[in-house]
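In case you want the letters, here they are:
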Amino acid sequence: MHESQTSTRELYDRHVIPTYGRFDLRLARGRGCEVWDEDGKRYLDFGAGIAVTSIGHAHPRVVRALQEQVATLVHTSNLYYTRPQALLAERLVRLVGSGGKVFFCNSGAEANEALFKLARKFGNEGALPPPKHTVGECVQSDAKRIGIITMMGSFHGRTLAGISATGQEKVKKGFEPMVEGFRHVPFNDIAALQEAVDVPGTVAVLIEPVQGESGVHPAHAKFLRAARELCDERDLLLMFDEVQCGLGRTGEWCGWRSIAPDVMPDAVSWAKGIAGGFPLGAIWVNERAVTLKDGTVKKLCDLLGPGTHGTTFGGTPLVCAGANEVLSVIEEEGMLENARSVGAHALAVLRGLASPLIAEVRGLGLMIGIELVADFAQRTKLPEGKAPSLWLVEKLHDAGLLTIPSGTHAVRWLPALNVKREEIDEAAAILARVLGAL
Ligand SMILES: Cc1ncc(COP(=O)(O)O)c(C=O)c1O
C-alpha cells in the first residue's frame, strides 16, 4: 500500500480541490465529546462536525451495530427490500407522529432536492384547488406552478437548486443563472410571506424552523402558524428543512415542536445528525390526498412514484443500521431531555459570562448561537481583514475548544446531545478566558 511521508496538510494542498477554507487542525480520533489531533492534543468538540455526531464520537452501541452490519450486508441497491431501511422508515414516520412515507438519500442538499422535486410534481400534476379555496391571485392564474418561497438568511445546501433556494447571496456568486422559481422573503415576516404566496404560480413554502448557518435564529411560533394557515388557504406545500435542527438537536425529535407543537408540515428534510456521522439524508412526506389534473386522487407521499427519483446509495442496510441504533440510543439514554436541560444550562452560563464582546446568546436545546458585538474590531486587536467569528474560533482552537463560525459575527455551539454539564462548564471557562485575553 502507498503510505505517503508527506504531511496531511501538504497532501490536501496538492490534491484536494480547495472548496473549503480549512482550519489548520489535523484531527485523528474522537470519543464522546472529545477529539484528538495527530499530535495527541485534546479538544472539547462543541461543533460535532456541524451538528452531525449527535451522540458523540465512537459510541460503543453504534460501533457494535455498524460492525455487525458491515459483516452482514453493506449494500444491495434500492432494487430490493432490506430490513434496516424498512425499520428506519417506520421509526421516522413514528417520530413525526403523523401518517406518511420516507425517502432516503445521502445528504441534506439531496434531501432538499427531493423536496423541490416533490413540489414540482405537486405543482405540475396537481389540480388547481377548487374556487372555494381560491384566495388572492395565485391559484387562479395559469402561470406555471413552480414557485417555492424560502427565507432570507436560510441555507438549503450546495447543489444548484440548493443554492437557488438558499437566501444568502454569497453562495450563489459565480454560479448564475439560478434554478428558476425560488423567491426569498424576510424570515419571521408574516406580511411579506402573505404577499409572496399571492404571486401567481406559487406552489410551496420552505422554512428552516431554526436557521443554523446564519447564526442560530429560531422561527417565531406566530410565523410558523401563519405559514401553515397561508399554505392551507392557497393549497401550497409547507416544507420544513430540519437538516440541522431536527432529530433531537433542539430537545425534540421534530425541531419545530420546540417552537409551535401544533403545526404540522406537509414534508420535512433531515440529514446531519440522523446517523451520527454516517452520510444519510431523508425526507418525510405526509399522506394527505391530492387530486391530480386528470381527476384521480393520490396520496402526497406517493407522488414521487417508481422511476421519478432515486439515488444509488440512499438508505443502504449499513447506514440504516447505524441510524436505527443512533436514534435508539437518543431515545433510551434520555438525550432529548439532556438536550433541553443541559442546553438551558449552557444558555444560562453563556449569558452569565456578561462579556463586553458578546452582544447576544440565542438558542434552543443544544443549538446555540453566540453573537459578537458589532464593534468587535474596535475593542480587540483583530487582525485586519479577519472576520471576528473566524478569529475567535481559531483562538478557541488554541485553547482546546472546537466551535463553528456563522457568518462574520456569530459562533455556534452544537455539541453532541449527550454532552455533560461539566463539559459545558469547561467550554464556558475556555471561552471566558479567551474572550478576556482579547
Ligand atoms: C438547514 C440545512 N439544510 C441543508 C444543508 C445541506 O446539508 P449537506 O451539507 O448535508 O448537503 C445544511 C448544511 O449545513 C443545513 O444546515
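Residues numbered from 1 in each chain as written. Predicted model: local features only at pLDDT ≥ 70, side-chain atom pairs only at ≥ 80, totals over all residues. Heavy atoms only, no water.

Describing the sheet that holds strand β16 (residues 367-372)
Line of reasoning, step 1. If you trace the four strands from one edge of the open sheet to the other, you get β15-β16-β19-β18, paired in antiparallel fashion. Where the open sheet ends on each side, the last strands, each with one partner, are β15 (358-364) and β18 (404-406). The average undirected angle you get between the axes of adjacent strands in this sheet is 25°.
Line of reasoning, step 2. Pairing between β16 and strand β19 (residues 410-413): four bridges, direction antiparallel. Residue E371 lies in a different strand from β19, and its bridge partner there is A410. (Pairing = 2+ DSSP bridges. Helix = DSSP H or I, 4+ residues; strand = E, 2+ residues; numbered from the N terminus. Axes fitted to C-alpha atoms, helices over the stretch in contact; angles between N-to-C directions.)

Things to note about the packing of helix α4 (residues 83-96) against helix α9 (residues 317-332)
When two helices pack together, their arrangement is given by the angle between their axes and by how far apart the axes lie.
Line of reasoning, step 1. Interhelical geometry of α4 versus α9 gives an angle of 40° and a closest axis separation of 8 Å. Pair α4 / α9 crosses with left-handed handedness. Contact residues: α4 offers P84, Q85, L87, L88, R91, L92 and R94, while α9 offers P317, C320, A321, A323, N324, L327, S328 and E331.
Line of reasoning, step 2. Across the contact of α4 with α9, the residue classes tally to nine nonpolar, three polar and three charged. (Left-handed = near helix turned anticlockwise from the far one by under 90°. Contact = heavy atoms within 4.5 Å. Nonpolar A, V, L, I, M, F, W, Y, C, P; charged D, E, K, R; others polar.)

Points about the domain arrangement of the protein
Line of reasoning, step 1. Taken domain by domain, the protein consists of domain 1 (8-55 + 334-437) and domain 2 (67-331).
Line of reasoning, step 2. Taken together, the contacts link 27 residues of domain 1 with 29 residues of domain 2.
Line of reasoning, step 3. Approximately 2200 Å² of surface area, both sides summed, lies buried where domain 1 meets domain 2, with 62% of it carried by carbon and sulfur atoms.
Line of reasoning, step 4. It is L336, L364 and M367 in domain 1 that bury the most area against domain 2; as a group they hold 30% of the surface buried on that side.
Line of reasoning, step 5. Summed over the shared surface of domain 1 and domain 2, the result is two salt bridges.
Line of reasoning, step 6. Of the charged contacts in the structure, one is a salt bridge between R340 and E252, with a shortest N-O distance of 3.9 Å.
Line of reasoning, step 7. Those elements that place two or more of their residues in the side of domain 1 that touches domain 2 are α2 (48-51), α10 (335-352), β15, β16 and β19.
Line of reasoning, step 8. For the side of domain 1 that touches domain 2, the leading source of residues is α10, giving four residues. (Domains from an automatic or database assignment. Buried area = accessible area lost by both parts, 1.4 Å probe. Salt bridge = Lys/Arg side-chain N within 4 Å of Asp/Glu carboxyl O.)

Re the sheet that holds strand β1 (residues 27-31)
Line of reasoning, step 1. In spatial order, the strands read β1-β2-β3-β17; together these four strands make up an open sheet with mixed pairing. Each edge of the open sheet carries a strand with a single partner, namely β1 and β17 (401-402).
Line of reasoning, step 2. Bridge analysis of strand β2 (residues 34-37) against strand β3 (residues 42-45) gives three bridges, and the strand direction is antiparallel. Note that in β3 the partner of V35 across the bridge is Y43.
Line of reasoning, step 3. Helix α13 (residues 421-437) rests against β3 and β17 of the sheet, and its axis sits at about 110° to β3.

Let's talk about the environment of A323
Line of reasoning, step 1. Following the sequence through the fold, A323 ends up in helix α9.
Line of reasoning, step 2. Looking at A323, the relative accessible area reads 0%, which means it is buried.
Line of reasoning, step 3. With 48 residues separating them along the chain, A323 and A275 place their C-alpha atoms 4.0 Å apart.
Line of reasoning, step 4. Discounting residues that sit within four places of it in the chain, A323 has contacts with L88, I274, A275 and L280. (Buried < 20%, exposed > 50% of the residue type's maximum accessible area, 1.4 Å probe, protein only.)

Comments concerning the layout of surface pockets
Line of reasoning, step 1. Here the second largest pocket defines a volume of roughly 900 Å³.
Line of reasoning, step 2. In terms of lining, the second largest pocket is formed by 27 residues, of which the most central are Q85, V102, F103, F104 and L304.
Line of reasoning, step 3. For the lining of the second largest pocket, the secondary structure elements donating two or more residues are α4, β4 (100-105) and β12 (281-286).
Line of reasoning, step 4. It is β4 that provides the largest number of residues to the lining of the second largest pocket, a total of four residues.
Line of reasoning, step 5. Residue classes in the lining of the second largest pocket are distributed as 15 nonpolar, 10 polar and two charged. (1 Å grid on protein atoms, 1.4 Å probe; cavity = no way out; pocket = protein on both sides within 12 Å on 5 of 7 lines; lining within 4 Å. Points joined across faces, edges and corners; volume = space filled by probe spheres on them.)

Some thoughts on the site of the ligand
Line of reasoning, step 1. For the ligand, the set of nearby residues contains 13 residues, the closest of which are G108, A109, D241, Q244 and K272.
Line of reasoning, step 2. Contact between the ligand and G108: an oxygen atom at 2.8 Å from a main-chain N or O atom of the residue.
Line of reasoning, step 3. Within the contact set of the ligand, a nitrogen atom lies 3.3 Å away from a backbone nitrogen or oxygen of F155.
Line of reasoning, step 4. When the ligand is considered free in solution it has 390 Å² of accessible area, and contact with the protein chains removes 82% of it.
Line of reasoning, step 5. Examining the composition of the shell around the ligand, we find that three residues originate from one element, helix α5 (residues 108-125), more than from any other.
Line of reasoning, step 6. Tallied by class, residues from the shell around the ligand come to three nonpolar, six polar and four charged. (Near = heavy atom within 4 Å. Polar contact = N/O pair within 3.5 Å; in protein donor to acceptor, adjacent residues only side chain to side chain. Areas by Shrake-Rupley, 256 points an atom, 1.4 Å probe, with all protein chains shown as cover.)

What about the state of the cysteines?
Line of reasoning, step 1. Under the defined criterion, the tally for this structure stands at zero disulfides.
Line of reasoning, step 2. Cysteine C105 remains unbridged, with the sulfur of C320 as its closest cysteine sulfur at 11 Å.
Line of reasoning, step 3. For C105, a relative accessible area of 1% puts it in the buried group.
Line of reasoning, step 4. Unpaired in this structure, C301 has its nearest cysteine sulfur neighbour in C254, at a distance of 16 Å.
Line of reasoning, step 5. The class for C301 is buried, based on a relative accessible area of 13%. (Disulfide = S-S within 2.5 Å.)

Section: the nonpolar core
Line of reasoning, step 1. One finds L92, L193, I207 and W413 to be the most contacted residues of the largest nonpolar core, which totals 97 residues.
Line of reasoning, step 2. At eight residues, the largest contribution of residues to this core is made by α9.
Line of reasoning, step 3. Residue-level mapping places this core at the junction of two domains, with at least three residues from each of domain 1 (8-55 + 334-437) and domain 2 (67-331).
Line of reasoning, step 4. With near-sequence residues (within four places) excluded, L92 lies in contact with V102, F104, L247, W270, I274, A282 and L327.
Line of reasoning, step 5. Within the second largest apolar cluster, 25 residues are counted, among which are A119, I148, V290 and L292. (Core = buried A, V, L, I, M, F, W, Y, C linked by side-chain atoms within 4.5 Å.)

Looking at the pairing of β15
Line of reasoning, step 1. By the criterion of burial, β15 is predominantly enclosed, with five of the seven residues buried.
Line of reasoning, step 2. Inspection of the sheet shows β15 paired to β16 by six bridges, in the antiparallel sense. The residue of β16 that forms the bridge with R362 is G369.
Line of reasoning, step 3. Two successive antiparallel strands, β15 and β16, enclose a turn made up of two residues, where G365 displays a positive phi of approximately 55°.

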